[in-house]
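Descriptive structure summary
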Amino acid sequence: MSDEVENIPNDLLPRILILGGTGEGIELASRLSQWGQVRTISSLAGRVDEAKRPEGVVRIGGFGGVDGLESYLTKNAIDVVVDVTHPFAAQISRNAELACARSGLPLVALIRPPWVQVTGDLWHEVADFQDAARLVDSRSGRVFLSIGRQEVESFAGYENAWFLIRAIQEPTGRLPRHRDVLLQRGPFNLDEELRLLQDHSINCVVSKNSGGSATYAKIQAARLLGIPVVMIKRPAKHTVPTVETLESAISVISSLTQAARR
Ligand code: NAP
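Okay, so let's go over this structure. This is a predicted model, so every value here is computed, not measured.

Attention now moves to the site of the ligand. Within the structure, the ligand sits among 23 residues, and Gly-20, Ser-43, Arg-47, Phe-63 and Lys-208 are positioned closest to it. Contacts to the ligand include Phe-63, whose backbone N or O atom sits 2.7 Å from an oxygen atom. Bound to the protein, the ligand loses 79% of the 810 Å² it would expose on its own. Listing elements by their share of the shell around the ligand, those giving two or more residues are strand E2 (39–44) and helix H3 (90–103). Ranked by residues supplied to the shell around the ligand, first place goes to H3 with four residues. For the shell around the ligand, a count of residues per class yields seven nonpolar, 13 polar and three charged.

Core analysis: the largest hydrophobic core is formed by 19 residues, its most contacted members being Val-136, Leu-145, Ile-147, Phe-155, Phe-163, Val-206 and Ile-232. Elements with a contribution of two residues or more to this core: helix H4 (129–138), strand E7 (142–146), strand E8 (162–167), strand E10 (204–208) and strand E11 (229–232). Once residues within four sequence positions are removed from consideration, Val-136 is found in contact with Val-143, Phe-155, Ala-161, Phe-163, Cys-204, Val-206 and Val-230.

What follows is about the side chain of Glu-97. Within the secondary structure, Glu-97 is located in helix H3. Summary of buried charges: Glu-97 has no salt-bridge partner, and the nearest side chain of opposite charge, Arg-94, is 8.3 Å away. In this structure, Glu-97 is in contact with Leu-107, Lys-237, His-238, Thr-239 and Val-240, ignoring residues within four places of it in sequence.

This part is about the sheet that holds E2. The six strands lie next to each other as E3-E2-E1-E4-E5-E12, forming an open sheet whose pairing is parallel. Where the open sheet ends on each side, the last strands, each with one partner, are strand E3 (57–60) and strand E12 (242–243). Bridging between E2 and E3 involves four bridges; their strand directions are parallel. Bridge pairing in E3 places Leu-44 opposite Ile-60. Here helix H1 (residues 23–35) sits on the sheet in contact with strand E1 (15–19), E2, strand E4 (80–83) and strand E5 (107–110), set at roughly 165 degrees to E1. Across the sheet, helix H2 (residues 65–75) touches E1, E2, E3 and E4, and the angle it forms with E1 is around 155 degrees.

Let us now look at empty space enclosed by the protein. Tallied over the entire structure, the rule returns two cavities of 30 Å³ or more. Of all the elements in the fold, those that place two or more residues in the lining of the largest cavity are H1 and E2. Looking at the lining of the largest cavity residue by residue, the classes come out as four nonpolar, five polar and two charged. The calculated volume of the second largest cavity comes to roughly 40 Å³. Around the second largest cavity, the lining residues are Glu-24, Val-84, Thr-85, His-86, Pro-87, Leu-110, Ile-111 and Arg-112. Of the residues in the lining of the second largest cavity, the class split is four nonpolar, two polar and two charged.

On to the pairing of E5. A two-sided burial pattern is seen for E5, the buried positions comprising Leu-107 and Ala-109 on one face and Val-108 and Leu-110 on the other. When E4 meets E5, the two strands line up parallel, connected through three bridges. Within E5, the residue paired with Val-81 across the bridge is Leu-107. Each parallel crossover has a hand, and the one from E4 via H3 to E5 is right-handed.

Another point: the packing of aromatic side chains. In the structure shown here, the tally under the stated rule is four aromatic pairs. Measuring from centroid to centroid gives 6.1 Å for Phe-88 and Phe-129, while their planes differ by 65 degrees, and the two rings are edge-to-face. On the criterion of sequence distance, the pair formed by Phe-88 in the loop between E4 and H3 and Phe-129 in helix H4 is long-range, its members being 41 residues apart. Comparing Phe-88 with Phe-129 shows no difference in burial state: the two are buried. Here Arg-59 stacks its cationic end above the ring of Phe-63, 3.9 Å away from the centre of that ring. One cation-aromatic arrangement involves Arg-166 over Phe-188; the distance from NZ or CZ to the ring centre is 3.5 Å.

Criteria and thresholds
Residues numbered from 1 in each chain as written. Predicted model: local features only at pLDDT ≥ 70, side-chain atom pairs only at ≥ 80, totals over all residues. Heavy atoms only, no water. Near = heavy atom within 4 Å. Polar contact = N/O pair within 3.5 Å; in protein donor to acceptor, adjacent residues only side chain to side chain. Areas by Shrake-Rupley, 256 points an atom, 1.4 Å probe, with all protein chains shown as cover. Helix = DSSP H or I, 4+ residues; strand = E, 2+ residues; numbered from the N terminus. Nonpolar A, V, L, I, M, F, W, Y, C, P; charged D, E, K, R; others polar. Core = buried A, V, L, I, M, F, W, Y, C linked by side-chain atoms within 4.5 Å. Buried < 20%, exposed > 50% of the residue type's maximum accessible area, 1.4 Å probe, protein only. Contact = heavy atoms within 4.5 Å. Lys, Arg positive; Asp, Glu negative; His and termini not counted. Salt bridge = Lys/Arg side-chain N within 4 Å of Asp/Glu carboxyl O. Pairing = 2+ DSSP bridges. Axes fitted to C-alpha atoms, helices over the stretch in contact; angles between N-to-C directions. 1 Å grid on protein atoms, 1.4 Å probe; cavity = no way out; pocket = protein on both sides within 12 Å on 5 of 7 lines; lining within 4 Å. Points joined across faces, edges and corners; volume = space filled by probe spheres on them. Right-handed = clockwise from strand over helix to strand, strands pointing away. Phe/Tyr/Trp six-rings, centres within 6.5 Å; stacked < 30°, edge-to-face > 60°. Lys NZ or Arg CZ within 6 Å of the ring centre and 35° of its normal.

Laid out in structure tokens, this is it:
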């Protein structure tokens, strides 16, 4: 259970807990801070060293499940929770829905739209990381594995394919036998991605369907080079209504906080 009480300025401004770890989370904290009508507390899981710290109060680390999050919301007198976590971070979103329902707090869920195939794309959509691993290994080949470091372990134990694994920080779990690891942080541009795929003679790309622009260049590069992409579909994340843009999220936050003041 979380006993955390944050050092939030003690004024009458509504308190917004931003569940972040994404570019949108940083942007939202910055936009709300400029607006000046609310206090933001950005929550990060603490998986990677963040390149940029969100404006406002920042807390780091898990809450301790639904109970911990519920207790955190009460202790810190949170008024609105905004979930801007990554489309593949499903657990924290489920926890947020349950904790908000129990606390009677509004939850604003922002999820960026997924990428969609366009002419020239050669996608093989799969349900999860295990299916992706089985598929690429059955075809041998030289695979660009750009899925972050947490799920790389799904590819351990496969020996036919060679993997170029790109992650922000060194993966800690088991790795596939034939591989190189490349530590890089996005965003990446198209020229860089074209060069990377060509320099390593890549003939298959594995990607999560993250959506957004920061990591889309590898999909464009694969299209231009005629390289197939094994695209991992998103997990089920929300059961509540969602918004797709920061503008929509800010507009909902604005209505909720004005209603709270009346
Ligand atoms: P997850 O599977 O949904 O969550 C696992 C646990 O991590 C949660 O139950 C929670 O622990 C903790 N957690 C996750 N996000 C948190 C947050 N923003 N603040 C506090 N605790 C958090 O999440 P994940 O896929 O491991 O992702 C972790 C973080 O990395 C998220 O914030 C996400 O936005 C970011 N991220 C994820 C991906 C991805 O591909 N999964 C990519 C880019 C960024 P407790 O139960 O103890 O509260």
